[in-house]
Amino acid sequence: MKKSMAIVCALLLAHGVSHAQEKKFSFNLGFGAGAPLSAETFTEAYSVGSLGSLGLDYRQSQSFSFGAEMGYASFALDRKGFLKLNGQEDDPGIKLKGGDMNVVELLGLGKYIFNAAQTNDNFYGLVGIGLAAGKASKLTVTTAEGKFEYEDDGGSDMMMVFGLGFKHTFGTKWKTYAEVRYAKVFADESVSYLPVRVGFIF
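Predicted model only: the values in this text are computed from it and were never measured.

**Q** So what about unusual backbone geometry? Which residues, and what values?
**A** What you tend to see is this: most non-glycine residues have negative phi, and most peptide bonds are trans. That bond from serine 38 to alanine 39 is cis: its omega, 0°, falls within 30 degrees of zero. Tracing the sequence through the fold places alanine 39 in the loop between strand E1 (25–38) and helix H2 (40–45).

In structure tokens:
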């Protein structure tokens, strides 16, 4: 009897472990910074910005997963770069307010885990495609001649991302990750930036 109970308990335990390993869906939440890479107008006029993302992944196999992600990035206007682009010296009499570039990203992503056999530490590559909706906030320029305001109509364009990541498992439910990506937005004047982020998978 005791032997039978032990066998039943072992089977239930094995089923529980198998069930935990079969988790298909996971969420990820990340924060970080993005550095402008191109084009000249973007790199000169804007500085390193902050970013965040929320995603959902579906694990199709031990090595491959795909999912969706919504991201947000904000790049602050660089005063010296902006004035230089417009042929102006950095005159203290010129006041700038606003003008930050805000980007909302909607992406479909595929991820491939290089060392899927490892349980706690994994390296992976990713590729994604989607839309980027960018718009600069209202810019107010105050000079000795008066106050001038500039509005941006914004717009949506296709974007692609490529990247590498590392994730580490804590316990049975939580994971942390770090990623570096290359993001390119295909606009009339295509721009690119380098997002680096860390976050949690749960």
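**Q** I'd like a rundown of the sheet that holds strand E9 (residues 155–170), residues and numbers included.
**A** Ordered in space as E1-E2-E3-E5-E6-E9-E10-E11, the 8 strands form a closed barrel in which the pairing is antiparallel. The mean angle between the axes of side-by-side strands here comes to 25°, regardless of whether they run parallel or antiparallel. Note: E9 against strand E10 (residues 174–186), 13 bridges, orientation antiparallel. Bridge pairing in E10 places threonine 169 opposite lysine 175.

**Q** Could you give an account of the sheet that holds strand E8 (residues 146–150), with specific residues and numbers?
**A** Judged by pairing direction, the sheet is antiparallel, and its 3 strands sit side by side in the order E4-E7-E8 without closing on themselves. The two strands at the open ends of the sheet, each matched to only one other strand, are strand E4 (95–98) and E8. Sheet twist, expressed as the average angle between the axes of neighbouring strands with direction ignored, equals 15°. Where E4 meets strand E7 (residues 139–143), 4 bridges bridge the pair, whose relative direction is antiparallel. Pairing of lysine 95 across the sheet is with threonine 142, part of E7.

**Q** So what about the side chain of serine 65? Which residues, and what values?
**A** Take serine 65: it is sitting in strand E3 (residues 64–75). The class for serine 65 is buried, based on a relative accessible area of 12%. Aside from chain neighbours lying at most four places away, what touches serine 65 is Tyr58, Arg59, Gln60, Leu109, Gly110 and Lys111.

**Q** Give me the environment of leucine 51: which residues, what numbers.
**A** Along the chain, the position of leucine 51 falls in strand E2 (residues 49–59). Among the residues examined, leucine 51 registers a relative accessible area of 9% and is labelled buried. C-alpha of leucine 51 to C-alpha of proline 195: the two residues are 144 residues apart in sequence and 7.8 Å apart in space. Discounting chain neighbours no more than four positions away, the residues touching leucine 51 are Gly30, Phe31, Gly32, Ala33, Gly34, Tyr72, Ala73, Pro195, Val196 and Arg197.

**Q** How would you explain the pairing of strand E11 (residues 191–201) if you had to name every residue and give the values?
**A** Judged from the 10 bridges that link them, E1 and E11 form a sheet pairing that is antiparallel. Each residue of the ladder has a partner; that of serine 38, found in E11, is serine 192. Linkage of E10 to E11, two consecutive antiparallel strands, is achieved through a turn of 4 residues.

**Q** Lay out the pattern of salt bridges with the relevant residues and their values.
**A** Tallied over the full model, the rule gives 6 salt bridges. When the shortest N-O distance is used, the salt bridge between arginine 181 and glutamate 69 registers 2.9 Å. A residue pair is termed long-range when its members are at least 10 positions apart, and arginine 181 in strand E10 and glutamate 69 in strand E3 qualify at 112 residues. Looking at arginine 181, the relative accessible area reads 2%, which means it is buried. Glutamate 69 gets classed as buried once you look at its relative accessible area, which sits at 5%.

**Q** A description of the packing of aromatic side chains should follow, citing residues and the corresponding values.
**A** Under the criterion given, the structure shown has 12 aromatic pairs. Between phenylalanine 123 and phenylalanine 166, the ring centres sit 5.0 Å apart and the planes meet at 50°, which makes this aromatic pair tilted. Of this pair, phenylalanine 123 sits in strand E6 (residues 121–136) while phenylalanine 166 is found in strand E9, placing the two residues 43 residues apart along the sequence. On the basis of relative accessibility, which here comes to 30%, the residue phenylalanine 166 falls in the partly exposed class.

**Q** I'd like to hear about the confidence of the model for the chain, residue by residue, with values.
**A** Looking at the chain as a whole, its pLDDT mean stands at 89, while 89% of the residues score no less than 70. Considering each helix and strand of the chain separately, the mean pLDDT is smallest for helix H1 (residues 2–21), with a value of 43, and largest for E3, with 98. Note that residues 1–20 has pLDDT below 50 and, in this model, 0 contacts with residues that lie over four places away or in other chains.

Criteria and cut-off values
- Residues numbered from 1 in each chain as written.
- Predicted model: local features only at pLDDT ≥ 70, side-chain atom pairs only at ≥ 80, totals over all residues.
- Heavy atoms only, no water.
- Helix = DSSP H or I, 4+ residues; strand = E, 2+ residues; numbered from the N terminus.
- Pairing = 2+ DSSP bridges.
- Axes fitted to C-alpha atoms, helices over the stretch in contact; angles between N-to-C directions.
- Buried < 20%, exposed > 50% of the residue type's maximum accessible area, 1.4 Å probe, protein only.
- Contact = heavy atoms within 4.5 Å.
- Salt bridge = Lys/Arg side-chain N within 4 Å of Asp/Glu carboxyl O.
- Phe/Tyr/Trp six-rings, centres within 6.5 Å; stacked < 30°, edge-to-face > 60°.
- pLDDT = per-residue confidence, 0-100.

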